[in-house]
Amino acid sequence: MRREESHPVNNEHNLFTSLYPTLSQQLPREPMEWRRSYGRAPKMIHLESNFVQFKEELLPKEGNKALLTFPFLHIYWTECCDTEVYKTAVKDDITKWQNVLKAHSSVDWLIVVVESDAKKKNKTNILPRTSIVDKIRNDFCNKQSDRCVVLSDPLKDSSRSQESWNAFLTKLRTLLLMSFTKNLGKFEDDMRTLREKRTEPGWSFCEYFMVQEELAFVFEMLQQFEDALVQYDELDALFSQYVVNFGAGGKFNMFCSKSWAVLCVLRVNSSKRFCCVLSRKLILSVHLQVSVPPGALDCWVFLSCLEVLQRIEGCCDRAQIDANVSHTVGLWSYATEKLKSLGYLCGLVSEKGPNSEDLNRTVDLLAGLGAERPETANASQSPYKKLKEALSSVEAFEKHYLDLSHATIEMYTNIGRIRSAKLVGKDLAEFYMRKKGPQKAEVYLQGALKTYLAEGWALLVTHTRKQLAECQKQLGQIENYLQTSSLLAGDNHLTEEERKRFCREILDFTNQQAENQGQKVLLPMHSFAQLKTLHFDPPNAVVHVGGKLSIELTLLSQMPIPVQVDQVAIHVHFSIEKNSYRKTAEWLTKHKTSNGVITFPSEIAGLPLSRNNLPALELSEMYERSPSDNSLNTAGIICKNAHMLLRRQESSSSLDVPSGLTLEDGAHVLKCSNLTLEPGDNKITFNIQAKEPGTYTLRQLCTSVGKVQFVLLHIYPIVQYDVYSQEPQLKVEPMTESLLAGIPQKVKFTVTTGHYTMKSGDTLQLSNADAMPILYHPESKAVIYSNTREKISESSLRIQSSEKITSISLPVAPAYHVIEFELEVMYLPSATESAVEKENITNKENHRKNKEKQKQDNCMATVDQKVTIDCPWSIYSTIIALTFCIPFNAKHSLLSAGKRKYVQVCVQNLSELCFQLSDYSLKNSAECTDLQLVPLNPADQQVVFSKQSIFFVWELKWTKELPLSLQCLFSVSFCPATSEEQSFTLKPFTYEFQVENFFTLYHVKTEIFPPLDAEYCKTGSLCSLEVSITRLVELSEVDRDEALTESDGYCTTKLMYEVVDNSSNWAVCGKSSGVISMPVAPRAIHKVHMEVMPLFAGYLPFPDVRLFKYLPHHSAHSMQLDADSWIENDNLSVDKNVDEQADSSSIRSRGSLHSTASGEHKGLPMPRLQPFSPGQVFNSSTGMQILVIPSKDDHVLEVNVT
């Protein structure tokens, strides 16, 4: 078989494709005389060629001596009939083609011009065909005119076309044989040259072996077997020569340790190829020259196999024989097969035994064996005697055939060739079936079927099942036979008639059983039909008690004919939740798929699922709660599809008949009767009337045909539908994220009727609350929905209000529906400082924590408003709590400017809305005529935006002495800035607070003087600090405390001062605090002097001067063991019962008189400090600064800018 290259131009590939079938058939039909060099006799050979498209990379490279892949002839095909096309395209393409061939030294080529009459008719300006051929010959074939041939109308069936084909094929065979002979001779010369170099260092026998073996392959492909055998003989002789020389002490590179194993393999391969060629030659000779009677060749093969095995056993020990079983088991199998063929031929396997014709055939075969050879005549178990004995009787044949079969099966099993063992077992099964021993045949057939199923051999499975069905029928295994028949009836590898035959077997049995009223037979569903899809209506598979649910199954019937089905039933498992809680439709809907379609995985009938196609792990949570208090006892995870994952793959894939097919017993079965299943898809609908609430799981599917039931044991994926029974419920929820107090807010009422039917006259009775009136709009509507949220109807909402009750009439609605309507409510807010202070007194710690949290979160305060609702379906009242958020937060502060006093109220908008504020006012609750509150804000309306604050300021003016405290009430009207005009007025926001001890008692003034003879203060220089404390008013009730001392009408009180610099700009030298005796008289002044040192240059703020009341130790308060009242660890602790303006709980004092106090005084009576109320002390130096210049010696200048 030789290779030939073709090169089409542009669309010429289609031309060659159309000619290739004829070319490939006609080329090897006629033999060619092959004349070789060196006087060898000519031979007749048939040429077969392989045509491939021309590619430059396929041309042989320099040094490539491969003969099998060598391109012997290159052919250029063209059907050009136009001179212009030839000049512009074809000529250039041929030139390029020949240049490539010359570059690779390829001189064997041929140009074929295909002539077509149809082309001539389509072209009017073409010259005769000879002009194109002449141009090609002149341009490319000057000295080789035979290299251009014409093929006329090759696709027509005419004499002219046939003559053209014959001439072309003759030319092609001649050129191809010439090229082959030339290249073959060159290859042989190169091989001889390489062999002559075998004595040179570095010569490789392996390389030479590959070259001469390739030559042998070529001769074998030409069916020149003698020449091929000569090449193998020469290789063997050369190898033997080297072995002999090596044994005689010669040294050759070919026998290095690394290549010894390779050479052994080459020797074995050479012998193997020699045997193959020899056998082909012998078989060819037999076919050509010898005609033998039937069975003679089988006898010869049987004897040959056993003689080879006997020789092996004679020259090898048992260990070697066992180690080489994989090489000899083929001979055992071949001998068993030939003995089986002889037994069938001679009638030794039939049930009645051999007849006269069989006996005559046996006698002829035994006579043809001739006499036994002398060397084996004395052996008791020679192959000749075994064959003669096996053909002598039925019992002897059975003995020898079974011995050979069992030995072959055992050897195949030991070396792991299970399929081959099962194949021999199938032959044994066929033997037993002919001998009427189906019980023995079943074992081998089941074993083979198990293997084929596990490995997925579909055709082998079908063939084995047919044999097994016949075996089961003879054994009377009705159930197994019916299942195998159902599998074969749905097997697409059988013909339509065979499938119908097996299907009728099942139907005939069902008819017989229906008449006899026999026991039911359960068979697996997958062989009869497959469940493809399941569709719920409603899609979420949730229905209330009394509701309707439909399930539509899609069954794929695998039977070839329509089957009348008595009943299709779904066995359902009913379960109730462990804690017996009732699931609502809303909860169930959230946990269900929405489309309602479940698709089941498809599988090939009778073939198991692959291990890679196992279902995914499905896990679900499991909680177990206590029945008494509903507390969680245990929690775990359940695998829902454990039955699919834990089944044994070997068992499920090996047996066609699953053991223990049972139907679950239960009262919940869905049925559909009297159906006809057509081949292909069938729709089956089950209509369900829900009765008992719970979860229904579809477990099994059963199709009944007479007394035969096809059962799907497990419906997977898990399919469930839920039936719920729900108590009527009322839910009130805001329409916005949070309800704001003071403005109308929408609230949605949702009434879930559950099992209750709303009748005419049913109402909701709401108890009225003064703080939360219900606003009624005549256009309010109530909407009725179904349990699937489908809108049913809409009606007007009727509301009647009295002093204490608001009655809402509900529309008529059936059970398991939803009624929704909206109402507006408004909570009237108010905040009083007195209530807050009262709460602070009772629970001071909680107030502190709440205050810190409010500062961090800046959240709105919330108020819960409870509403009592009486529902028509219950004798008990329902209490609904609505949480309202106060949109505003108000706080006040007292401001002082000498004796002048101001009250500031800050209103902060904490909500997301913008409000418009108006009509603000601040009033004194005591209605004191001597006090006047003068507003300083403009009187027009103001807008406070979300998360923003607005301030209101009043100046206090009085004509007479006022009480120690003032009770104030702040009020401001508000409405949303974006809202339209309201039909009702909104209640204003009010804030009540109290101002105490707001008169200014002392005026503190601080001055800093530079050192003498200096104009400015300098860093590092001591400066003088003077603190002036001035009494502004006469003795009042505020001064009457334990520190007041009265003598001869002259009153004094003890004060403690402290100079503190929290910014560390000053260093206080000497005492920074002290106790003074201050006269209680107007314009009384006390001055304190001390030295301070500036630490930085720049404008430095003055140190802070603080003033406290100093209560003596004999005070009643000093006996209280309050940790806040003691001075310890260099800290001055002040009383915590002060207003918010005094947040600082401790004051750092350097150099204090009391700094030596330590923890050892804890529990002893000590002096107590009491801070003044906000506004009682006015420090006029607060915020003042002084210029400090750096000293001249500083190299590093530090400037403090504040």
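As the structure is a prediction and not an experimental result, all values here were calculated from the model.

Conventions we followed
Residues numbered from 1 in each chain as written. Predicted model: local features only at pLDDT ≥ 70, side-chain atom pairs only at ≥ 80, totals over all residues. Heavy atoms only, no water. Helix = DSSP H or I, 4+ residues; strand = E, 2+ residues; numbered from the N terminus. Buried < 20%, exposed > 50% of the residue type's maximum accessible area, 1.4 Å probe, protein only. Contact = heavy atoms within 4.5 Å. Areas by Shrake-Rupley, 256 points an atom, 1.4 Å probe, with all protein chains shown as cover. Pairing = 2+ DSSP bridges. Axes fitted to C-alpha atoms, helices over the stretch in contact; angles between N-to-C directions. Parallel < 35°, antiparallel > 145°, perpendicular 65-115°, else oblique. Nonpolar A, V, L, I, M, F, W, Y, C, P; charged D, E, K, R; others polar. Salt bridge = Lys/Arg side-chain N within 4 Å of Asp/Glu carboxyl O. Left-handed = near helix turned anticlockwise from the far one by under 90°. Core = buried A, V, L, I, M, F, W, Y, C linked by side-chain atoms within 4.5 Å. Phe/Tyr/Trp six-rings, centres within 6.5 Å; stacked < 30°, edge-to-face > 60°. Arc of directions from axis to C-beta. Right-handed = clockwise from strand over helix to strand, strands pointing away. pLDDT = per-residue confidence, 0-100.

> So what's going on with the overall build of the chain? Residues and values would help.
Counting its secondary structure elements, the chain contains 25 helices and 57 strands. Going through the 1202 residues of the chain one by one, you find that 43% of them count as buried. Relative to all contacts within the chain whose residues are 6 or more apart in sequence, the contacts with residues 24 or more apart total 74%. Just so you have it, the chain exposes about 64,700 Å², and 51% of that area is on carbon and sulfur atoms.

> So what about the side chain of Ser971? Which residues, and what values?
Of note, Ser971 is situated in strand S40 (residues 965–976). Excluding residues within four positions of it along the chain, Ser971 makes contact with Asp919, Tyr920, Ser921, Pro988, Phe989 and Thr990.

> Tell me what's going on with the pairing of strand S8 (residues 521–524), and back it up with residues and numbers.
Burial of S8 is two-sided: the residues Val521 and Leu523 facing one way and the residues Leu522 and Pro524 facing the other way are all buried. Bridge count for S8 against strand S19 (residues 708–712) is 4 bridges, and the pairing is parallel. When the sheet's bridge partners are listed, Val521 is paired in S19 with Val708.

> Explain the packing of helix H14 (residues 383–390) against helix H15 (residues 394–414) residue by residue, including any values.
One way to put it is that H14 packs onto H15 with a least axis distance of 7 Å and a crossing angle of 130 degrees. Considered as vectors, H14 and H15 are oriented oblique to each other. When H14 is examined against H15, the residues Lys386, Glu389 and Ala390 are found in contact with a partner set consisting of Ala396, Phe397 and His400. Of the residues contributing to the contact of H14 with H15, the split by class is 3 nonpolar, 1 polar and 2 charged.

> So what about the pattern of salt bridges? Which residues, and what values?
If you walk through the whole model with that rule in mind, you get 24 salt bridges. With its nearest N and O atoms 3.7 Å apart, the salt bridge here joins Lys340 to Glu430. With Lys340 in helix H11 (residues 325–345) and Glu430 in helix H16 (residues 418–434), this residue pair connects regions lying 90 residues apart in the sequence. By relative accessible area, Glu430 is classed as partly exposed at 29%. In this structure, Asp1104 engages Arg1106 in a salt bridge whose closest nitrogen and oxygen atoms are separated by 3.3 Å. On the basis of relative accessible area, Arg1106 is assigned to the buried category, the value being 18%.

> Which residues make up the sheet that holds strand S9 (residues 529–537), and what values do they have?
An order of S13-S9-S11-S17 is seen for the 4 strands of this open sheet, with the pairing classed as antiparallel. Strand pairing shows two members of the sheet lacking a second neighbour, strand S13 (597–599) and strand S17 (680–689), which therefore form its edges. Sheet twist, expressed as the average angle between the axes of neighbouring strands with direction ignored, equals 20 degrees. Sheet topology places S9 next to strand S11 (residues 548–557); 8 bridges connect them, and they run antiparallel.

> Got a sec to walk through the packing of H11 against H16? Specific residues and values, please.
As a packed pair, H11 and H16 sit with axes 12 Å apart at the nearest point and diverge in direction by 20 degrees. Considering the angle they form, H11 stands roughly parallel to H16. In this structure, H11 crosses over H16, and the sense of that crossing is left-handed. For the pair formed by H11 and H16, the contact residues are Ser333, Lys340 and Tyr344 on the first element and Val424, Asp427, Glu430, Phe431 and Arg434 on the second. Split into classes, the residues belonging to the contact of H11 with H16 amount to 3 nonpolar, 1 polar and 4 charged.

> Tell me about the nonpolar core, residues and numbers included.
Judged by nonpolar contacts, the single largest core of 52 residues is most densely connected at Ile551 and Tyr721. In terms of residue count, the dominant contributor to this core is strand S12 (residues 563–575) (6 residues). When neighbours within four sequence positions are excluded, Ile551 is seen to be in contact with Leu534, His535, Phe536, Leu670, Ile684, Thr685, Phe686, Ile688, Leu698 and Tyr721. One finds Leu19, Phe168, Phe205 and Ala228 within the second-largest nonpolar core, a separate group that totals 48 residues.

> Tell me about the packing of aromatic side chains, residues and numbers included.
Under the counting rule described, the total for this entry stands at 34 aromatic pairs. For the pair Tyr401 and Phe431, a centre-to-centre distance of 5.1 Å together with 55 degrees between the ring planes defines the contact as tilted. Here Tyr401, found in helix H15, pairs with Phe431, found in helix H16; they are 30 residues apart in sequence, far enough to count as distant. The class for Tyr401 is buried, based on a relative accessible area of 2%. Given the relative accessible area of 2%, Phe431 is considered buried. Ring centres 5.6 Å apart and planes at 80 degrees place the aromatic pair Tyr724 and Tyr816 in the edge-to-face group. Of the two residues, Tyr724 sits in strand S20 (residues 719–724) while Tyr816 sits in the loop between strand S29 (805–809) and strand S30 (817–825), which places them 92 residues apart along the sequence. One exposure class covers both Tyr724 and Tyr816, and it is buried. Aromatic rings pair up to connect Phe397, Tyr401, Phe431, Tyr432 and Tyr444 into one cluster.

> Go over H14 with me, naming the residues and quoting the values.
Along H14, the residues that are buried comprise Pro383, Tyr384, Leu387 and Ala390. Down the axis of H14, the buried set is contained in an arc of 140 degrees. They therefore lie on one face. Buried residues belonging to H14 abut helix H9 (296–315), H11, helix H12 (356–369) and H15.

> Account for the environment of Val934, with residues named and values stated.
Summarising the element assignment, Val934 is placed in strand S37 (residues 931–935). Distance in space between the C-alpha atoms of Val934 and Leu956 is 6.7 Å, their sequence separation being 22 residues. The residues touching Val934, leaving out its near neighbours within four places in the chain, are Val953, Trp954, Glu955 and Lys957.

> Just give me the short version of the sheet that holds strand S43 (residues 1017–1018), but keep the residues and values in it.
Within the open sheet, the 3 strands sit side by side as S43-S57-S50. Their pairing is mixed. At either end of the open sheet lies a strand with only one pairing partner, and these are S43 and strand S50 (1098–1101). Taken together, the 2 bridges between S43 and strand S57 (residues 1185–1189) define a ladder with parallel strand orientation. Note that in S57 the partner of Lys1018 across the bridge is Ile1189.

> Can you lay out the pairing of strand S6 (residues 109–115) for me, pointing to particular residues and giving the numbers?
Judged by how many residues are buried, S6 sits mostly within the fold: 7 of 7 residues are covered. Burial of S6 is two-sided: the residues Trp109, Ile111, Val113 and Glu115 facing one way and the residues Leu110, Val112 and Val114 facing the other way are all buried. Bridge analysis of strand S5 (residues 73–78) against S6 gives 5 bridges, and the strand direction is parallel. From the neighbouring strand, Thr78 faces S6, where its bridge partner is Val113. Taking the sense of rotation as the criterion, the β-α-β connection linking S5, helix H2 (residues 83–103) and S6 turns out right-handed. For S6 and strand S7 (residues 148–152), the ladder comprises 5 bridges, and the chain directions are parallel. By the bridge assignment for S7, Val114 is matched with Leu151.

> Can you lay out unusual backbone geometry for me, pointing to particular residues and giving the numbers?
Cis geometry marks the peptide bond from Asp537 to Pro538, where omega comes out at 10 degrees. Relative to the helices and strands, Pro538 resides in the loop between S9 and strand S10 (542–544). Here the residue pair Tyr716 and Pro717 is connected by a cis peptide bond, since its omega of 5 degrees sits within 30 degrees of zero. As for its placement among the helices and strands, Pro717 is situated in the loop between S19 and S20. A positive phi angle, close to 55 degrees, is found at Asp919, a residue other than glycine. The phi torsion at Asp1013 lies on the positive side, around 60 degrees, for a residue other than glycine. Tracing the backbone through its elements, the reader meets Asp1013 in the loop between strand S42 (1002–1009) and S43.

> Give a description of the confidence of the model for the chain that names residues and reports values.
Summing up the model confidence of the chain, the mean pLDDT is 79 and the portion of residues at 70 or higher is 80%. Counting contacts from residues 648–658, a segment whose pLDDT is below 50, to residues more than four positions away or on other chains yields 20 contacts.

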